[in-house]
Amino acid sequence: MAFFLESTFVGLFFFGWERMSRKQHLLVTILMAVGSNLSALWILVANGWMQNPIGAEFNFESMRMEMTNFWTVVLNPEAQNKFVHTVSAGYVTASMFVLAISSWYLLRKQDVEFAKRSFRIAAAFGIASILSVIVLGDESGYSIGKAQTTKMAAIEAMWETEPAPAPFSIIASVNDEEMKNDWAIQIPWVMGLIGTRSTTETMPGIHDILKENHARIESGQHAVVALDKLRINRDDPEAMEVFLKHQDDLGFGLLLKRYSDDVSLATPEMITLAAKDTIPAVKPLFWTFRLMVGLGFFLLFVFAVTFWATLKGNFAEKKWLLKLLVYSLPLPWLACEMGWFVAEFGRQPWTVYGVLPTTISVSSLSPGSVYGSLIGFITFYTILLIVEMYLMIRFAKQGPGSLGTSRYAHEPQH
């Protein structure tokens, strides 16, 4: 339903100017927006479940995760935070796009009155959206601290468990090889307040997480061995007892599949290697997160200055501001990409966090089929990107008069 709302009404939105009344066109615009947001909702509910798989349990008879509570899945805090945070980030990207194009018109003295109106709307919408992104980013940090302690520790390069409340490292020299920071500049208390909302709750460091995960892999090994026996004989009472005892660590036991097809033969060395696999590369996460946050606060500054200029009414004369907005056009997109990198790279080695490792969820297709489909997707979307960029630049140069909706520059007067 979301897809058809989106795809159908986007066509009516663009080509229905002269075929519908203003009220009808407004309704189409609203329905197109509703469809886009519904798409985002269900995509992010699915992704939120993969990050924090609640509302489902593993059924050994069907060998799959099965939903136990629909509303628990939908109202998953990870999913809801992601939805509002991601949609708000989309609004920031759109606001900056409108501001940049409007500023470009004002610098060229083209469609000035139109540009002033769109500039004011985008400035107000942009400041509200960036504030929402920052507030919800803080809420996402709290939910990650609860559901994905490994990701949080990796993002902060927190190798050792710090006394509560933990400090926040502004910058650090991250040494992945020796699993330590050579040096760091820290702000006391901040990380503890973000990750736990308290001054007394401790946040575990990577070394302590490794020890815990090592123990969970040893427990999970028993679960995998028992599960293999149950697949042969579902009525094996001894295997059932062992499986139920260790079921919560099944996913950790499956990490051993990378090193041995027969998990029962996994050696202590293999268990140690599997435990190390549970920690994603820290340096890329640490710096990508800080670049994302830095861009977020820079955009807050830009939108705040822009909004203040609209209240003063002199924004059209501030060439430095207009140029800054034009050059800032790609920044929200870059921040969004960095956010997704942190979210997805940070949950490695899991496809479903704590449940399904990536090593056993990869496609069973041949390498040729995978490369062929990948090349096809890259080619197709590259062509779409080129076409889209060409059309956007072309119509941006022509101005709003190209829509044929009113009297703007380059449009004949009647």
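Just so it is clear, the structure is predicted and the values come from calculations on it, not from any experiment.

**Student:** Teacher, can you tell me more about the overall build of the protein here?
**Tutor:** Looking only at helices and strands, the protein has 15 helices and 6 strands in total. Each principal axis of the C-alpha distribution contributes one length, and for the protein these read about 90 × 50 × 40 Å. The buried share of the protein, reckoned over its 414 residues, is 39%. Considering only contacts in the protein between residues 6 or more positions apart, those separated by 24 or more positions represent 69%. Carbon and sulfur atoms form 65% of the exposed surface of the protein, whose accessible area is close to 23,000 Å².

**Student:** Please clarify how the pattern of salt bridges should be interpreted in this entry.
**Tutor:** Side chains that differ in charge, positive against negative, can pair when their charged atoms come close. Under the counting rule described, the total for this entry stands at 9 salt bridges. With a shortest N-O distance of 3.0 Å, R197 and E139 are connected by a salt bridge. One end of the pair, R197, is in the loop between α7 (190-196) and α8 (206-232); the other, E139, is in helix α5 (residues 112-147), with 58 residues separating them in the sequence. For R197, a relative accessible area of 37% corresponds to the partly exposed category. Salt bridges sharing partners connect three or more residues here, namely D138, E139 and R197.

**Student:** I keep staring at the pairing of strand β1 (residues 56-59) and nothing clicks. Help me out?
**Tutor:** The side chains of a regular strand alternate, residue by residue, between the two faces of the sheet. Bridge count between β1 and strand β2 (residues 64-67): 4 bridges; the pairing is antiparallel. When the bridges of β2 are listed, F58 appears paired with M65.

**Student:** Even after reading the chapter, I still don't get the packing of aromatic side chains, so can you show me in this structure?
**Tutor:** Aromatic rings considered in pairs are described by the distance between their centres and by the relative angle of their planes. In total, this model carries 14 aromatic pairs according to the counting rule given. Here the aromatic rings of F58 and F243 are separated by 6.3 Å at their centres, their planes lie at 55°, and the arrangement is tilted. Placement of the pair is F58 in strand β1 and F243 in helix α9 (residues 237-246), with a sequence separation of 185 residues. When the ring of W104 is compared with that of Y105, the centres are 6.0 Å apart and the planes differ by 40°; the resulting orientation is tilted. Overall, the relative accessible area of 25% leaves W104 in the partly exposed class.

**Student:** Honestly, the pairing of strand β4 (residues 180-187) in this entry has me stumped. Any pointers?
**Tutor:** The sheet contact formed by strand β3 (residues 168-175) and β4 spans 6 bridges and is antiparallel. Considered in β4, the bridge of I171 is made with I185. The turn linking β3 back onto β4 is made up of 4 residues, and M179 within it adopts a positive phi angle of 55°.

**Student:** Mind showing me how you'd approach the environment of P237 here?
**Tutor:** Structurally, P237 is set in helix α9. Considered as a pair, P237 and Y381 are 144 residues apart in the sequence and their alpha carbons are 53 Å apart.

**Student:** Help me understand a nonpolar patch on the surface, please; the structure alone is not making it clear to me.
**Tutor:** Taken together, the side chains of F97, V98, L329, L385, M389, M392 and I393 define a hydrophobic patch exposed on the protein surface, amounting to about 540 Å² of accessible area. Ranked by residues supplied to the nonpolar patch, first place goes to helix α15 (residues 367-398) with 4 residues. Residue placement: M392 occurs in helix α15. Note on M392: relative accessible area 32%, which makes it partly exposed.

**Student:** When you look at the nonpolar core in this model, what are you seeing that I'm missing?
**Tutor:** Within soluble globular proteins, side chains that are nonpolar generally end up buried alongside one another. Ranked by internal contacts, the top residues of the largest apolar core, which has 74 residues, are I217, F243, L250, V282 and F303. Ignoring any residue separated from it by four or fewer positions in sequence, one finds F243 in contact with F58, F60, A223, A226, L227, L230 and L250.

Criteria and cut-off values
Residues numbered from 1 in each chain as written. Predicted model: local features only at pLDDT ≥ 70, side-chain atom pairs only at ≥ 80, totals over all residues. Heavy atoms only, no water. Helix = DSSP H or I, 4+ residues; strand = E, 2+ residues; numbered from the N terminus. Buried < 20%, exposed > 50% of the residue type's maximum accessible area, 1.4 Å probe, protein only. Contact = heavy atoms within 4.5 Å. Areas by Shrake-Rupley, 256 points an atom, 1.4 Å probe, with all protein chains shown as cover. Salt bridge = Lys/Arg side-chain N within 4 Å of Asp/Glu carboxyl O. Pairing = 2+ DSSP bridges. Phe/Tyr/Trp six-rings, centres within 6.5 Å; stacked < 30°, edge-to-face > 60°. Patch = residues over 30% accessible without salt bridge, like charges linked within 9 Å, V, L, I, M, F, W, Y side chains within 5 Å. Core = buried A, V, L, I, M, F, W, Y, C linked by side-chain atoms within 4.5 Å.

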